[in-house]
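Here's the letter readout for the chains.
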Number of protein chains: 2
Amino acid sequence: MSPVHRTPQRTAPGDHALSSLPLLLDRTSPVPLYHQLARQLESAIEQGALAPGNLLGNEVDLSVRLGLSRPTVRQAIRSLVDKGLLVRRRGVGTQVVHSKVRRPLELSSLYDDLEAAGQRPTTRVLRNERIPAAADVAAALAVPEGAEVTVLERLRRTRGRPVAFLCNYLPAPLLELPTERLESTGLYRMLRSAGLTLHSARQSVGARGATAGEAALLDEAEGAALLTMERTAYDDTGRAVEYGSHVYRASHYAFEFQLLVRP
Amino acid sequence: MSPVHRTPQRTAPGDHALSSLPLLLDRTSPVPLYHQLARQLESAIEQGALAPGNLLGNEVDLSVRLGLSRPTVRQAIRSLVDKGLLVRRRGVGTQVVHSKVRRPLELSSLYDDLEAAGQRPTTRVLRNERIPAAADVAAALAVPEGAEVTVLERLRRTRGRPVAFLCNYLPAPLLELPTERLESTGLYRMLRSAGLTLHSARQSVGARGATAGEAALLDEAEGAALLTMERTAYDDTGRAVEYGSHVYRASHYAFEFQLLVRP
DNA sequence: AAGTGGTCTAGACCACCGG
DNA sequence: CGGTGGTCTAGACCACTTT
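Predicted model, so just to flag it, every value in this text is computed and none were measured. (Residues numbered from 1 in each chain as written. Chains lettered and ligands numbered in written order. Predicted model: local features only at pLDDT ≥ 70, side-chain atom pairs only at ≥ 80, totals over all residues. Heavy atoms only, no water.)

## Digging into the sheet that holds strand 8 (residues 240-249) of chain B
Read across the sheet, seven strands follow the order 9(A)-6(B)-7(B)-8(B)-5(B)-4(B)-3(B) without closing on themselves; strand pairing throughout is antiparallel. In the strand order of this sheet, the two ends are held by strand 9 (255-260) of chain A together with strand 3 (121-132) of chain B, each with one partner. The mean angle between the axes of side-by-side strands here comes to 15°, regardless of whether they run parallel or antiparallel. Here six bridges tie strand 9 of chain A to strand 6 (residues 198-209) of chain B, and the two strands are oriented antiparallel to one another. (Pairing = 2+ DSSP bridges. Helix = DSSP H or I, 4+ residues; strand = E, 2+ residues; numbered from the N terminus. Axes fitted to C-alpha atoms, helices over the stretch in contact; angles between N-to-C directions.)

## Overview of the interface of chain A and chain B
Counting residues at the interface gives 49 residues for chain A, matched by 50 residues for chain B. Of all residues in chain A, A:His199, A:Arg202 and A:Leu259 give up the largest surface area on contact with chain B, accounting jointly for 16% of the area buried on that side. The tally of links from chain A across to chain B stands at four salt bridges. The salt bridge partner of B:Glu256 is A:Arg202, with a shortest N-O separation of 3.2 Å. On inspection of chain A and its partner chain B, the count reaches 12 residue pairs in polar contact (both at pLDDT 80 or more). For the side of chain A that touches chain B, the elements supplying multiple residues, two or more each, are strand 1 (86-89), strand 6 (198-209), strand 7 (225-235) and strand 9 of chain A. Examining the composition of the side of chain A that touches chain B, we find that 12 residues originate from one element, strand 6 of chain A, more than from any other. Of the residues contributing to the side of chain A that touches chain B, the split by class is 25 nonpolar, 14 polar and 10 charged. (Contact = heavy atoms within 4.5 Å. Buried area = accessible area lost by both parts, 1.4 Å probe. Salt bridge = Lys/Arg side-chain N within 4 Å of Asp/Glu carboxyl O. Polar contact = N/O pair within 3.5 Å; in protein donor to acceptor, adjacent residues only side chain to side chain. Nonpolar A, V, L, I, M, F, W, Y, C, P; charged D, E, K, R; others polar.)

## Regarding unusual backbone geometry
Residue and element names in this part refer to chain A. Despite not being glycine, Ala142 shows a phi value in the positive range, around 55°. Topologically, Ala142 is positioned in the loop between helix 5 (135-141) and strand 4 (148-158). Judged by its relative accessible area of 30%, Ala142 is partly exposed. At Arg159, a residue that is not glycine, the phi angle is positive and equals roughly 50°. Arg159 gets classed as exposed once you look at its relative accessible area, which sits at 69%. (Buried < 20%, exposed > 50% of the residue type's maximum accessible area, 1.4 Å probe, protein only.)

## A look at the relation of the copies chain A and chain B
Rotating chain A by 180° and moving it 0.0 Å along the rotation axis overlays it on chain B with an RMSD of 0.2 Å. Such a combination of turn and shift is consistent with a two-fold rotation axis. If distances are taken from each C-alpha of chain A to the rotation axis, the shortest is found for A:Ala225, at 2.4 Å. When you check the interface residues of chain A against chain B, 100% turn up at the interface there too, and the contact is symmetric in its surfaces. (Least-squares fit on C-alpha atoms with pLDDT ≥ 70 in both.)

## As for the domain arrangement of chain A
If you check the domain split of chain A, you get domain 1 (17-96) and domain 2 (110-249). For domain 1 of chain A and domain 2 of chain A, the distance between their C-alpha centres works out to 40 Å. (Domains from an automatic or database assignment.)

## Topic: the side chain of B:Thr158
Residue and element names in this part refer to chain B. By secondary structure assignment, the location of Thr158 is in strand 4 (residues 148-158). Accessibility expressed as a relative area gives 8% for Thr158, which makes it buried. Those residues in contact with Thr158 that lie beyond four places of it in its chain are Gln119, Arg120 and Val163.

## Brief notes about the nonpolar core
Counting residues in hydrophobic clusters, the biggest one holds 32 residues, and the most contacted among them are A:Val205, A:Phe255, B:Val205 and B:Phe255. Setting aside its immediate chain neighbours within four residues, B:Val205 contacts A:Val205, A:Leu227, A:Ala254, A:Phe255, A:Phe257, B:Leu227, B:Thr228, B:Met229 and B:Phe255. (Core = buried A, V, L, I, M, F, W, Y, C linked by side-chain atoms within 4.5 Å.)

## Looking at the confidence of the model for chain A
Close inspection of predicted coordinates is inappropriate for parts of the model with low pLDDT. Residues and elements named next belong to chain A. For chain A, per-residue confidence averages 87 on the pLDDT scale, and 90% of positions sit at 70 or higher. Of all helices and strands in chain A, the one with the weakest mean pLDDT is helix 4 (residues 110-116) (77), whereas helix 8 (residues 212-218) scores best (97). Note that pLDDT drops below 50 for residues 1-14; the model gives that stretch 17 contacts with residues more than four away or on any other chain. (pLDDT = per-residue confidence, 0-100.)

## As for the packing of helix 1 (residues 33-46) of chain A against helix 3 (residues 70-83) of chain A
All names here are of chain A. Across the interface, helix 1 lies against helix 3 with an axial gap of 8 Å and an inter-helix angle of 50°. Relative to helix 3, helix 1 is oriented oblique. The way helix 1 lies across helix 3 gives a crossing that is right-handed. In contact with Leu33, Tyr34, Leu37, Ala38, Leu41 and Glu42 of helix 1, helix 3 contributes Thr72, Val73, Gln75, Ala76, Ser79, Leu80 and Lys83. Residue composition of the contact of helix 1 with helix 3, grouped by class: eight nonpolar, three polar and two charged. (Parallel < 35°, antiparallel > 145°, perpendicular 65-115°, else oblique. Left-handed = near helix turned anticlockwise from the far one by under 90°.)

So this is what it looks like as C-alpha cells:
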C-alpha cells in the first residue's frame, strides 16, 4: 500500500459531479428502482466518475430528475451509506467517502479468501465421517450429547504449501458432504448451494504454539506461533449449522478486514 | 456458555406475543418515533417478553395500533433487522431470531472490551511524545514523511497482569493526549470525546513469537505465541486518525466477536 | 435566510408464501 | 386463496448547517 497525498478535492458550489452522469432507470425491470439507482451510483464511484469528496447533489433535485419519489432516492442512498461508500451530513449534503472502502468482514471461507487473492487453494480431506457428538461439540452446536455429527478434517494448501488445518463439525442430518466435492470447493460454498442461508456467527480468534502433530502437518517447528479461530455459524432460524476449530500458519496467513462504524 | 436445548417454540396462529405488550410513544419527545418503537421492541426481546421464534404481528396492524404510518413502523423494524435481532420473511412475518445475538464486531478499544468484561484495566504510558513520521507510519497515516506525529506506547494490565503492549501513532495536530488521561481511559474514548467520529478501519490480525523485549514486558517466555493486530482508523472525511500496532498475550486474550451476514 | 438531510403521513400495488 | 412483507408515491414539516 502506498501513501496517497490527496489534494483537497472540492466541488464548485452549486455544482456536483452527478449532474453530468447518465442515470437510466428501467421501470419494466423486476429489479427495484432504488436498487437500480444504487448500483449505478456504486459503479460510478468505483470507476471514479464520482470522486471522493464529491457532493451528490440534493435528494429532491435528484428525485425530480429521475422521476422518482424522494423516499425511493433516499433508499438508494441509504444502502450506499450502509456500505460505507457515502456519508450524509445534515445541512451539508451527501458526499463520497474519501478513504477506499474494501469489503467489510464477511462470513467467508478461507477458500474464498484465498481464491479471491488469486492463490489457487487446494484441499485435502483427512477425515470425513459421522460420529456421536462429544460434550464440547454438542454444546457448540446445541444438539444433545451423542447426537450424530459429521466431523471434517481438512488440510488447505496454496501454491503447494500448507496454510491451515481445518476441523469442522456439522449436525449430520443437515446435508451430505461428499469428499470429492469438498476437495474442489469450500465448505461455506457447499452450505450456500444446499440452500442454507447463514445469518450470524460467533467467532473467537487467538494464537498459540504449534503442537508436534500440527507442526508436522503444517511444516512448521513445534511451538511456532499459530493463529487459531473458532467459529459457530447459525442459519436464520437460529439453528447452529457448523462449528469449526481452525489453525493457520501465522507465518503465511493473517486475517484482514475492514470495519465500518455504524452511527 | 452452556448448551440450551430449546423446545420448539411457536406462537399460536393468529396470535402473537406483541399483542399483550405495552408500547407507548411520546410524540412530544425529540426522539424519533421509529427509534422509540425500536428501543421498546429491543428491550422486550432482551428481557424475554418477546421470545425467540415469536412472530411480531403484521406491520399494518401494528401501525394502526400505534397510530403510526406503516413506513415508520417499517423503519423501526428495519433497524432491528439490521442489528440481527429480527428476521423478515415475505409471506410469513417477522420473527425474533433464535440465537442470542451479541454485539457485532465494533471498532472498540481493548480498554472498553476489558471494562465491559468486568475486568478493571489499568494502563501505564511508557512513551508519549511527538516525533517526525518514519516511512511506514507516514504511509499508514497518509501524511508526508517527516510530518509530526504523536507516538504512544502503553502497557495494559488487568488484575495486575500484563495483557497487551500497544503502540499507536496519530497525526500530531489532531488533538492533545495528556498522559494522565491516557492512564485513566482508553484512546478511542478520548478520540470520541474530542469530537472525532470514526467511520471505518482496516485491520489485520495475525500471530508471531514474542521477541525478548516483548517477552520481558508481557511476562512471557521468548518465542511465546502472541496475537498481533494492526489497524488504521479513519474519520468520516477519510483522514487517517490513528495507526496502531498491538501485541496481545495469546495466553490471556483472544478476539471474540459476532458476525452478521447482510442479505 | 436558504438549503440540506431527517422524519412522518396515508395511501397504493406487487411478489411471495402458506394452507 | 388470503396474508405477509417489498416497493413506491406525493406530499408535509422539522432540525441542522452554512452563508
